[in-house]
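# Survey of secondary and tertiary structure
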Amino acid sequence: MAKVILVLSDALRDDRAAEHMSFLEHLVETRRATRYKVRGELPTMSRPCYEAVHTGVAAMEHGITSNHVVRLSRMPSIFSVAHAAGRVTAASAYCWFSELYNRAPFDMVDDREVDDPALPIQHGRFYNTDDYPDFEVFTAGAALVRKFAPDYLLIHPMATDYLGERHGGDSYEYRHQVTIQDNMLASAWPEWEARGYTLLVTGDHGIGPDRLHGGTRPDMREVPLYVIAPHAAGRGNTGITVSQLQIAPTVCALLGVPVPLTMQQPPIAA
Ligand SMILES: [Zn+2]
């Protein structure tokens, strides 16, 4: 039974991660981490992909078909399954996660900071501006680790999406932010490893040089997946492409909670 931190970096492209996340790639190179390429779900939009990552189900089935579908998830998710199994859940994430798993629509005062054992995301720290600093998102996540020792923690920074949509996925601004996120992970990982966490790092979708996502091109669709287990060897760069729908059952399997029947893709052999 592992504890899991999932860092879902918004608009983190597979190739840009490989080029600019040299801490994570160091762990890959030294076979402390296992790296995959993820074939992201369509549509390559944020809210549908958040739901796909957390339910393991495609958009036509989970029904969150666009960013404008504002309602609670109707599918079993990592949060709901872990919560039902008596595990502690937490998130430092954009307000759309609060809307998918806790309450919809988002109330920027009531829902900004929640500690409620009855909610699927029991300890939530939610932001609602797209330019919210990644540093604050990571620090809030790190504070949740120390305060509540959650079994499942989602950390969702989105400056990569914000800068990618303004300057493009080839820009200095976007690439630099990818490295900043890598640096934050490099700082945080030793403590998280000591606390026994398995770390997964992935993206919801990519972003093109033309500042676009929402299409089907590889730069919009291909995101990385790094899996780092505490005090254990990894397999390096596997060169394997996995489905984004495999992430939810993989996290459930790591947590040791039942994988719901709706998650039909097999867990990734990490
Ligand atoms: Zn996104």
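Structure first, text after, so check above.
Now for a look at the structure at hand. (Residues numbered from 1 in each chain as written. Predicted model: local features only at pLDDT ≥ 70, side-chain atom pairs only at ≥ 80, totals over all residues.)

### Details of the packing of helix H2 (residues 22–29) against helix H9 (residues 172–194)
The description of two packed helices rests on the angle between their axes and on the distance between the axes. The interhelical angle for the contact between H2 and H9, taken along N-to-C directions, is 60°, at an axis separation of 7 Å. The angle between H2 and H9 places the two elements in the oblique class. In this structure, H2 contributes Ser22, Phe23 and Leu24 to the contact, and H9 contributes Asp182, Leu185 and Ala186. When the residues that make up the contact of H2 with H9 are grouped by side-chain class, the tally is four nonpolar, one polar and one charged. (Axes fitted to C-alpha atoms, helices over the stretch in contact; angles between N-to-C directions. Helix = DSSP H or I, 4+ residues; strand = E, 2+ residues; numbered from the N terminus. Parallel < 35°, antiparallel > 145°, perpendicular 65-115°, else oblique. Contact = placed C-beta atoms within 7 Å. Nonpolar A, V, L, I, M, F, W, Y, C, P; charged D, E, K, R; others polar.)

### Some thoughts on the pairing of strand E2 (residues 33–39)
Burial analysis of E2 places six of its seven residues in the buried class, the great majority of the element. In the sheet, E2 pairs with strand E8 (residues 222–228) via seven bridges, with the strands oriented antiparallel. Paired with Arg39 across the bridge in E8 is Glu222. In the sheet, E2 pairs with strand E9 (residues 236–243) via five bridges, with the strands oriented parallel. Across the sheet, Thr34 pairs through a bridge with Gly236, a residue of E9. (Buried ≥ 20, exposed ≤ 12 C-beta atoms within 10 Å, placed from the backbone. Pairing = 2+ DSSP bridges.)

### What about the packing of helix H8 (residues 159–167) against H9?
One can describe the packing of H8 onto H9 by two numbers: an axis separation of 8 Å at closest approach and a directional angle of 170°. By the criterion of interaxial angle, the relationship of H8 to H9 is roughly antiparallel. In this structure, H8 uses Ala159, Thr160, Leu163, Gly164 and His167 to contact H9, whose residues at the interface are Glu173, Tyr174, Gln177, Val178 and Gln181. Class assignment for the residues of the contact of H8 with H9 results in four nonpolar, five polar and one charged.

### A word on the nonpolar core
One finds Val4, Ile5, Phe97, Leu153, Val251 and Cys252 to be the most contacted residues of the largest nonpolar core, which totals 79 residues. In this structure Ile5 touches Leu153, Ile155, Trp192, Tyr197 and Leu199, once residues within four positions along its chain are discounted. (Core = buried A, V, L, I, M, F, W, Y, C linked by C-beta atoms within 7 Å.)

### Quick notes on the sheet that holds E8
One open sheet accounts for nine strands, arranged E4-E5-E3-E6-E1-E7-E8-E2-E9; its pairing is mixed. Unpaired on one side and paired on the other, strand E4 (113–115) and E9 mark the two borders of the sheet. Each neighbouring strand pair of the sheet contributes to a mean axis angle of 15°, computed without reference to strand direction. In this sheet, E8 lies alongside strand E7 (residues 197–203) in antiparallel orientation, the contact comprising four bridges. Within the sheet, the bridge partner assigned to Thr202 lies in E8 and is Leu225.

### Overview of H2
Buried within H2 are the following residues: Leu24, Leu27 and Val28. The buried residues of H2 occupy one face: seen down the axis, they fall within an arc of 105°. Looking at the packing, one finds that the buried side of H2 touches E2, H9, E7, E8 and E9. At the exit of H2 stands Arg31, carrying a positive phi of roughly 55°. (Arc of directions from axis to C-beta.)

### Some points on unusual backbone geometry
Between Leu42 and the following residue, Pro43, the backbone shows a cis peptide bond with an omega angle of -5°. Here Pro43 is to be found in the loop between E2 and helix H3 (46–55). With an omega of 0°, the peptide bond between Ala104 and Pro105 qualifies as cis. Positionally, Pro105 belongs in the loop between helix H6 (95–101) and E4.

### Side note on H3
With 10 of 10 residues buried, H3 is to be regarded as a mostly interior element. If you check which residues of H3 are buried, you get Ser46, Arg47, Pro48, Cys49, Tyr50, Glu51, Ala52, Val53, His54 and Thr55. Buried residues along H3 sit against strand E1 (3–9), helix H4 (59–62), helix H5 (78–84), H6 and helix H11 (247–255). Following H3 by one or two positions, Gly56 adopts a phi angle in the positive range, close to 70°.

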